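Coordinates in review
What follows is each chain in one-letter form.
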Amino acid sequence: MSGPATPTVRLPRPSAPILDVRGRAAFLAGHLPGSVNIPCDELDRRVYELPIPGSPIDLAAFDATLTESARAKLERRGYRIQLIAADSAQLTERVDRGVHLWQPSPLVIEAMEHFTAANTERRALDLGCGSGRDAVYLALRGYEVDAIDVLPDALAMAEQLADHHEVRIATRLQNLTRDPSLPSAQYSIVAAIRFLQRKLFGAMAAALAPGGLLIFESLHERDARRGSHGSRQTRGVWSGELALAFVDLEILFARDEVERAGRCFSQLIARKSVASPRGLST
């Protein structure tokens, strides 16, 4: 093994995942605890598994040449790199499938930490799933997840992300604008993050099993007024719109004009009444 690249930070940040860019076989033979494996030659096509550009990344320093190549790629994308010494005494063969550099939506994390579906079902539906971060996050927490998107490439990335974490999600190619149909009364969680299709509101509520949670985030109309990318197509929701749209659900919280990463959002978490008849639409 070549010596570690310099300079090397000896201690990783507390609770921070460590990126290991060696090949999969070398990683499985022994790696630092809390490591995520993305081989260096796959970094450019697996950027959806990385955190937000500008974030710090702890990079395990094994082979000096490989480490420097990975650091250069990551720094070009705006990441701040700390090199972590590869102490052979600390290596483990245990892979923690729940460790990841990427993050799901903060709203989904908040919903999972503070609210529970008032039923025993553990089925989730992710609408407009994109590269699958929210879907995989829910699958890692024991949910049977259906993930829908209009883009085949997005679904392929979502499936690959699930494979890397050794969980399964069921992906479905569906244009929800043309076909706003969903299964009725099937899910304990329905998530729609940065996805707005008003004609789907009724089907989203109907897709919830009694006691199920709706987790919804969309761009706010104020985002459209200032001309942010992509917002003119959706025009955003106005303040109070989501609470009115889902008035038949129990609103656990509704927020408008939430600022995050230079964008402006509306958010809602709501629960379907346990006493609601199956398939109730709003």
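Below or above, wherever it landed, is the structure these notes cover. (Residues numbered from 1 in each chain as written. Predicted model: local features only at pLDDT ≥ 70, side-chain atom pairs only at ≥ 80, totals over all residues. Heavy atoms only, no water.)

1. Concerning the environment of Phe62
In this structure, Phe62 sits in the loop between β3 (56-61) and α2 (64-76). A relative accessible area of 4% means that Phe62 is categorised as buried. Separated by 31 residues in sequence, Phe62 and His31 have C-alpha atoms that sit 9.7 Å apart. (Helix = DSSP H or I, 4+ residues; strand = E, 2+ residues; numbered from the N terminus. Buried < 20%, exposed > 50% of the residue type's maximum accessible area, 1.4 Å probe, protein only.)

2. Describing the sheet that holds strand β10 (residues 250-260)
Overall, mixed pairing links the 7 strands, which are arranged β7-β6-β5-β8-β9-β11-β10 in an open sheet. Of all strands in the sheet, those bounded by a partner on one side alone are β7 (169-173) and β10. Pairs of neighbouring strands in the sheet enclose a mean axial angle of 15 degrees, with direction left out of account. Each of β5 (123-127), β6 (144-149), β7 and β8 (187-193) is contacted by helix α4 (residues 133-140), which is oriented at about 175 degrees to β6, the strand it contacts most. (Pairing = 2+ DSSP bridges. Axes fitted to C-alpha atoms, helices over the stretch in contact; angles between N-to-C directions. Contact = heavy atoms within 4.5 Å.)

3. As for the environment of Leu91
Positionally, Leu91 belongs in the loop between β4 (80-85) and α3 (106-114). With relative accessibility at 32%, the residue Leu91 sits in the partly exposed group. Sequence separation between Leu91 and Leu32 is 59 residues; the distance between their C-alpha atoms is 4.8 Å. Sequence-distant contacts of Leu91, defined by excluding residues within four places in its chain, comprise Gly30, His31, Leu32 and Phe62.

4. Considering the pattern of salt bridges
Going through the model one piece at a time under the given rule, you end up with 14 salt bridges. Note that Arg123 is salt-bridged to Glu144, the shortest N-O span being 4.0 Å. Placement of the pair is Arg123 in strand β5 and Glu144 in strand β6, with a sequence separation of 21 residues. The partner of Glu217 in a salt bridge is Arg260, and the shortest N-O contact between them spans 3.0 Å. Here Arg260 lies in strand β10 and Glu217 lies in strand β9 (residues 208-219), a separation of 43 residues in the sequence. (Salt bridge = Lys/Arg side-chain N within 4 Å of Asp/Glu carboxyl O.)

5. Concerning the sheet that holds strand β1 (residues 18-20)
A sheet is described by the order of its strands in space; here 4 strands give the open sequence β2-β1-β3-β4, paired in parallel fashion. Looking at strand neighbours, the two that pair on one side only are β2 (35-37) and β4, the edges of this open sheet. Strand after strand, the sheet turns through a mean of 40 degrees between neighbouring axes, direction not considered. In the sheet, β1 pairs with β3 via 2 bridges, with the strands oriented parallel. The residue bridging Ile18 from the neighbouring strand is Asp58, located in β3.

6. Side note on the pairing of β5
Among the 5 residues that make up β5, 5 are buried, leaving the element largely enclosed by the rest of the structure. Of the pairings in the sheet, the one linking β5 to β6 comprises 5 bridges and is parallel in character. From the neighbouring strand, Asp126 faces β6, where its bridge partner is Ala147. For β5 and β8, the ladder comprises 4 bridges, and the chain directions are parallel. Counterpart to Ala124 in the pairing with β8 is Ile189.

7. Considerations on the pairing of strand β11 (residues 263-271)
For β11, a buried count of 9 out of 9 residues is recorded, marking the element as mostly surrounded by other parts of the structure. Going residue by residue along β11, you find Arg263, Phe265, Gln267, Ile269 and Arg271 tucked away on one face and Cys264, Ser266, Leu268 and Ala270 tucked away on the opposite face as well. One ladder, built from 7 bridges, connects β9 with β11; its direction is antiparallel. Bridging from a neighbouring strand, Leu214 pairs with Ala270 of β11. Summarising the sheet, β10 and β11 pair through 8 bridges and their orientation is antiparallel. For Arg260, the partnering residue across the bridge sits in β11 and is Arg263. The antiparallel pairing of β10 with β11 creates a hairpin that spans 2 residues between the two strands, and Ala261 there sits at a positive phi of about 55 degrees.

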